[in-house]
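# Coordinates in review
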Amino acid sequence: RSNLAPAQTPVHDEGTSFSDCRSSHFGDTHKKMSFKFLALLALLSGSGIAGHHEEKHDSQPNILYIMSDDHAAHGISAYGSRLAKIAPTPTIDRLAKEGALFKNAFCTNAICSPSRACVLTGQYNHTNGTFDLAGRVPPGKQTLAIEFGKAGYHTAMIGKWHLKDEPADFQFYSVLAGQGSYFDPEFRIRGDKPWKKNIEKYPGKHSTDVITDITLKWLEEGWDQEKPFFLMHHYKAPHDYFENAPR
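What you see is a predicted model; the values in this text were computed from it and never measured.

## Details of the overall build of the protein
- Tallying secondary structure elements over the protein gives seven helices and six strands in all.
- Ordered by position from N to C terminus, the α and β elements of the protein give α-α-β-α-α-α-α-β-β-β-β-α-β.
- Per-residue burial over the protein gives 44% buried out of 247 residues.
- With an accessible surface of roughly 12,700 Å², the protein has 54% of that area assigned to carbon and sulfur atoms.

The structure is reproduced here in structure tokens:
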């Protein structure tokens, strides 16, 4: 259909890259986060989850969609840019080596919220109505969550949402408020109070760590293993302003 957007790649250039990160701790931070990311990959491929899934859902694979924010292609060393040696990304490169590397891909919109709306709805912005940072995708139009739910998936949205309305079409969500904060982040969750009023706070934590930990906890404790899962795991990083964890 003419109103459907072509598939987008997570290699998504909104004008910034790791070249703008000035922290002297970037190397250590990268190693620590690579370990956490590997832990996430290991959990997904571990015998407990993979074995259970293979037995019951051969025709419906688990789907983990990982999005980084404002992450330019030249900030991923698999593409061999001038930054590949000074800011390598070995864990992301592993995904490229063992999966697919897009070398001729385009995003439908280079602005945060509209781009997210395209991914979520499968529609261009003139159809989904999200044109700028004030854009929203209301419940009932969050297409991926709806369609995967209809297909029998357990759906979850964790991390940066930035689409204003409640991600209510997902069966589980824990999302940053707006742009969110790198440090001491607050997450909006489903609860007894109205949308935006149910808050979980993480004082002393960095958002990248918290998003990873929430995802790992959901996979270990929240996922209904009688169903395959569709999980959208959205980091705030490396969006400016660049605030790395102290390590």
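## Remarks on unusual backbone geometry
- With an omega of 0°, the peptide bond between Ala237 and Pro238 qualifies as cis.
- Among the structural elements, Pro238 can be located in the segment after β6 (229–234).
- Each neighbour pair has its own omega, and for Asp240 with Tyr241 the value is 0°, a cis peptide bond.
- Looking at the element boundaries, Tyr241 is found in the segment after β6.
- Located in the positive-phi region is His162, a residue other than glycine, with phi close to 55°.
- By the secondary structure assignment, His162 is in the loop between β2 (154–159) and β3 (172–176).
- Phi is positive for Lys196, close to 85°, though the residue is something other than glycine.

## Considerations on the packing of aromatic side chains
- Following the criterion strictly, the structure yields eight aromatic pairs and no others.
- An angle of 85° between the planes, with centres 6.2 Å apart, marks the rings of Trp161 and Phe170 as edge-to-face.
- Judged by relative accessible area, Trp161 falls into the buried class, the value being 4%.
- A cation over an aromatic ring shows up here: Arg188 above the ring of Trp195, its NZ or CZ 5.3 Å from the ring centre.
- The ring of Tyr182 has Lys236 sitting right over it, with the charged end atom 4.8 Å from the ring centre.

## With respect to the environment of Gly140
- With respect to the helices, strands and loops of the structure, Gly140 is situated in the loop between α5 (125–128) and α6 (143–150).
- C-alpha separation for the pair Gly140 and Ala168, spaced 28 residues apart in sequence, amounts to 8.3 Å.

## Considerations on the pairing of strand β4 (residues 186–189)
- Bridge count between β3 and β4: three bridges; the pairing is antiparallel. Note on β4: the bridge partner recorded for Leu176 is Phe187.
- Sheet topology note: the β4/strand β5 (residues 199–201) ladder contains three bridges and is antiparallel. In the strand pairing of β5, Arg188 is matched with Ile199.

## Focus on the sheet that holds β6
- Taken together, six strands build an open sheet; the order of strands is β1-β6-β2-β3-β4-β5 and the sheet is mixed. Looking along the sheet, the strands with just one partner apiece sit at the ends: β1 (63–67) and β5. Between one strand axis and the next, the sheet turns through 20° on average, direction left out of account.
- In this structure, β1 lies alongside β6, joined through five bridges in parallel fashion. Within β6, the residue paired with Met67 across the bridge is His234.

## Structural notes on a positive patch on the surface
- A contiguous patch of positive charge on the surface is contributed by Lys164, Lys193, Lys196 and Lys197.
- Inspection of the secondary structure puts Lys196 in the loop between β4 and β5.

## So, the pattern of salt bridges
- The final tally for this structure, using the stated rule, is seven salt bridges.
- Among the ionic pairs, Lys201 bridges to Glu186, the shortest N-O distance being 3.9 Å. Remark: Glu186 occurs in strand β4 and Lys201 occurs in strand β5; sequence separation between them is 15 residues.
- Classification of Lys201 by relative accessible area gives exposed; the value is 59%.
- When its relative accessible area of 37% is taken as the criterion, Glu186 is described as partly exposed.
- Measuring nitrogen to oxygen at the nearest pair gives 2.9 Å for the salt bridge that ties Arg247 to Asp209.

Calculation notes
- Residues numbered from 1 in each chain as written.
- Predicted model: local features only at pLDDT ≥ 70, side-chain atom pairs only at ≥ 80, totals over all residues.
- Heavy atoms only, no water.
- Helix = DSSP H or I, 4+ residues; strand = E, 2+ residues; numbered from the N terminus.
- Buried < 20%, exposed > 50% of the residue type's maximum accessible area, 1.4 Å probe, protein only.
- Areas by Shrake-Rupley, 256 points an atom, 1.4 Å probe, with all protein chains shown as cover.
- Phe/Tyr/Trp six-rings, centres within 6.5 Å; stacked < 30°, edge-to-face > 60°.
- Lys NZ or Arg CZ within 6 Å of the ring centre and 35° of its normal.
- Pairing = 2+ DSSP bridges.
- Axes fitted to C-alpha atoms, helices over the stretch in contact; angles between N-to-C directions.
- Patch = residues over 30% accessible without salt bridge, like charges linked within 9 Å, V, L, I, M, F, W, Y side chains within 5 Å.
- Salt bridge = Lys/Arg side-chain N within 4 Å of Asp/Glu carboxyl O.
- Lys, Arg positive; Asp, Glu negative; His and termini not counted.
- Charge placed at Lys NZ, Arg CZ, Asp CG, Glu CD.

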